[in-house]
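Each chain is listed here by its residues.
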Amino acid sequence: MFRSLHQSIVHFAALALGRVKSQLYRTYSHTHTHKSQFTNHKTGSTIKQSNSQDSERLMQVQQRLRLPLPSDPRALISLLVSLSTTRSLSQGEQLHAYLLKSGYIPCSHPCSPYTLLSNHFITFYSRCNLPLLSLLSFLSLPSPPTPSSWSSLLSSLSHHHLPSLTLSYFRSMLLARVPPNRHSIPSVARVVGYLSDPSLARSLHGMSLKTPFATDVFVLTSVLDMYAKCSLLKEAQKLFDEMPERNVVSWSALICGYADAGLHSSVLNLFRSALHDGVEVNDCTFSSVIRVCAETTLLGLGALLHGLTIKFNLDSSPFVGSALVSLYSKCGLLDSSYKVFNEMPERNLSAWNSVLIASAQHGNIGTVFNLFEAMQAAGFQPNYVTFLCLLTACSHAGLLDEGKRYFSLMSVYGVEPGPEHYAAMVDLLGRVGRISEALFFIQSMPIEPIESVWGALLTASRIHKDTNTAAFAAQKLFEMGSCSPGMHMLLAGTYRAAGRHLEAAQARKAMRDSGLRKDAGLSWLEAGGVIHTFASGDQRHGRSVEIYRVLEEVGKRMEAAGYEPDTSGVHRNVRYHSERLAIGLGLLVVPEGVPIRVMKNIRVCNDCHTAIKYLTKCTGRVVVLRDLHRFHRFENGTCSCGDFW
DNA sequence: ATAGGGTTAG
């Protein structure tokens with residue numbers, strides 16, 4: 001069993017190596033350039049690693065390589081460790097080749113004394129981001145693998161997101177009667193979390209309980225994180241509660257799990273307890289909590305946390321910086337977002353993606369393209385998210401040719417288009433009215449379209465009043481078992497706009513029959529440290545009378561300026577949609593000169609969009625409205641989206 | 001004297 005697996009892996013590795021190696025080299029050059037600062041996990045403090053020390057060490061290694069090689073394995077190991085820490089790939093490869101060629105590592109010898117040295121090569125290639133060379137080093141060990149050989153291999157494979165190889169070799173390890181230990185369990189737990197497979201998670205946990213490491217903080221925290229990543233939050237919480245010892249990583253893993261699940265109040269409560277318990281929270285902890293503030297647009301709390309990161313001396317962390325860029329952008333403060341980004345002492349790929357996304361969501365399309373160039377000039381390779389952002393930006397601006405160009409550019413950078421990229425392209429084609437081309441594009445997709453692909457087509461068909469394609473897209477969504485209330489409403493709206501009232505009524509009935517209700521459209525505005533929430537036609541707010549009065553008063557001036565209310569919308573019986581009410585309150589409480597910032601959980605309708613443009617023209621106010629997907633900045637009668645959203 | 005847990009962006 002082991003032998004055949006062994007052989008097939010060698011075969012696989014040899015095949016895959018050529019392709020993977022070039023990709024890995026690219027990753028390698030990126031990590032190598034930007035590793036001057038990192039977080040010390042034990043103390044939780046951020047420390048600087050000097051680049052001059054690195055290069056000094058590298059020079060020493062180079063000098064030593066030119067000299068006759070030491071024959072003492074221990075001296076060789078210390079040389080290899082230096083090469084690992086400096087990630088000196090070419091020197092390490094030279095050393096490896098030399099040792100193999102000279103017979104220093106006798107490949108066929110059954111009990112070589114140099115297994116230890118070979119183990120170091122597994123680690124060395126992992127550090128150089130070449131996991132398949134780690135694997136080849138493992139496979140050519142001169143003697144049977146030691147528990148450390150297995151752990152080093154599993155570490156390399158799991159760190160490079162190779163779940164099936166990690167699990168295969170873990171199985172082989174167990175078959176070779178090597179028990180799992182405190183090093184191998186966390187590696188396997190990482191890939192199980194990555195796969196988000198609950199049953200694998202439970203069985204790995206069960207296995208870990210039978211080892212002597214069942215109470216080890218490292219092992220328990222890795223299992224906790226695995227449960228959180230598998231969305232088994234009850235299990236994660238139980239483990240956390242019963243752990244004999246907890247550290248900042250245990251806290252962060254649980255906080256991050258709740259943040260991923262959208263359980264915002266749990267995150268804030270846990271963070272408060274962590275501070276109360278005197279846990280030394282670090283940049284990782286902060287990034288999760290700030291993310292929650294961004295998602296809920298809790299600007300006040302987010303700004304408070306920003307202050308705390310400065311106090312804790314964590315504000316220079318690229319993780320904190322990325323989260324803050326996103327926070328300010330999502331709260332509508334694009335200037336603050338740019339300010340944080342510009343002042344970041346060290347940026348990573350996520351920081352660039354954050355600022356790209358911020359620009360795209362606020363409609364600064366030119367800035368998106370410029371930042372994309374700047375990012376590459378700074379030595380960063382665009383990834384999956386970067387291209388998603390570029391395509392979304394093109395879609396928002398209706399730039400079809402640019403979108404097509406970026407889509408084909410993906411293969412140049414070795415980024416495989418995912419379902420979301422296809423959905424973005426369908427959205428783009430649809431928005432500029434190329435409905436049939438969008439349909440053709442879907443039919444020529446090399447992967448199965450996901451719901452959002454058909455959803456994008458349905459939305460586009462609705463905008464361009466293509467009833468037949470809308471019905472076709474809806475049919476596809478039905479077949480996939482999708483029946484979101486929004487989809488029914490879109491379909492009903494398309495039929496109604498085409499005057500096909502009978503079918504519109506049928507679509508609405510289908511929604512009622514399925515027991516679904518339309519998502520309640522809500523808008524909210526933060527004022528005086530309180531979030532004020534409004535529904536459509538809401539009269540429950542304490543200042544409701546004043547709000548309606550000011551809207552009526554401004555409405556007269558708007559109509560005098562040429563605004564004609566559009567009554568063809570869905571809610572003919574409702575005078576004001578929720579965002580109008582929130583803006584009404586904004587007119588009362590937000591000081592002159594300060595933008596009125598309103599958040600909304602669904603898309604803004606045509607009539608409100610037009611009305612707000614007139615409102616800003618008549619009042620001289622600035623309104624920043626965030627809808628489900630993007631920001632609209634209304635100023636002096638125009639909107640940053642260019643009426644295209 | 002090699003192997004171990006959390007992180008940000010959509």
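Residues numbered from 1 in each chain as written. Chains lettered and ligands numbered in written order. Predicted model: local features only at pLDDT ≥ 70, side-chain atom pairs only at ≥ 80, totals over all residues. Heavy atoms only, no water.

Enquirer: Account for helix H22 (residues 400–412), naming residues and giving values.
Expert: An ideal rise of 1.5 Å per residue puts 18 Å on 13 residues; H22 measures up with 19 Å between its terminal C-alpha atoms. Leu400, Gly403, Tyr406, Phe407 and Met410 are the residues of H22 that are buried. For H22, the angular spread of the buried residues around the axis is 125 degrees, confining them to a single face. Residues of H22 that are exposed and point more than 90 degrees away from the buried face comprise Asp401, Ser411 and Val412. Against the buried residues of H22 lie helix H20 (365–377), helix H21 (384–397), helix H23 (419–431) and helix H24 (435–443). Gly414 sits one or two positions beyond H22 and adopts a positive phi of about 70 degrees. (Helix = DSSP H or I, 4+ residues; strand = E, 2+ residues; numbered from the N terminus. Expected span 1.5 Å × (residues − 1). Buried < 20%, exposed > 50% of the residue type's maximum accessible area, 1.4 Å probe, protein only. Arc of directions from axis to C-beta. Contact = heavy atoms within 4.5 Å.)

Enquirer: Explain the pattern of salt bridges to me, and be specific about the residues and the numbers.
Expert: Between side chains of opposite charge, a pair can form as their charged atoms come close. Tallied over the full model, the rule gives 17 salt bridges. The partner of Arg182 in a salt bridge is Asp216, and the shortest N-O contact between them spans 2.6 Å. With Arg182 in the loop between helix H8 (163–175) and helix H9 (184–195) and Asp216 in the loop between helix H10 (198–209) and helix H11 (217–229), the pair connects residues that are 34 residues apart, well separated along the chain. A residue is classified by how much of its surface remains accessible, and Arg182, at 39% relative accessible area, is partly exposed. Among the salt bridges present, the one from Asp225 reaches Lys229, with a minimum N-O distance of 2.9 Å. (Salt bridge = Lys/Arg side-chain N within 4 Å of Asp/Glu carboxyl O.)

Enquirer: Which residues make up the nonpolar core, and what values do they have?
Expert: Tyr169 and Leu457 are the most contacted members of the largest nonpolar core, which totals 127 residues. Sorting elements by how many residues they give to this core places H11 first, with 8 residues. Of the residues that make up this core, three or more belong to each of domain 1 (1–34 + 51–157) and domain 2 (369–513). Phe534, Tyr548, Met558 and Val604 belong to the second largest nonpolar core, which has 30 residues in total. (Core = buried A, V, L, I, M, F, W, Y, C linked by side-chain atoms within 4.5 Å. Domains from an automatic or database assignment.)

Enquirer: I'd love a proper account of the packing of aromatic side chains, names of residues and values included.
Expert: One pass over the full model with this rule turns up 20 aromatic pairs. Among the aromatic side chains, those forming a connected cluster through ring pairs are Phe369, Phe372, Phe387, Tyr406 and Tyr413. In this arrangement the basic side chain of Arg246 is found over the ring face of Phe240, its NZ or CZ atom lying 4.8 Å from the centre. (Phe/Tyr/Trp six-rings, centres within 6.5 Å; stacked < 30°, edge-to-face > 60°. Lys NZ or Arg CZ within 6 Å of the ring centre and 35° of its normal.)

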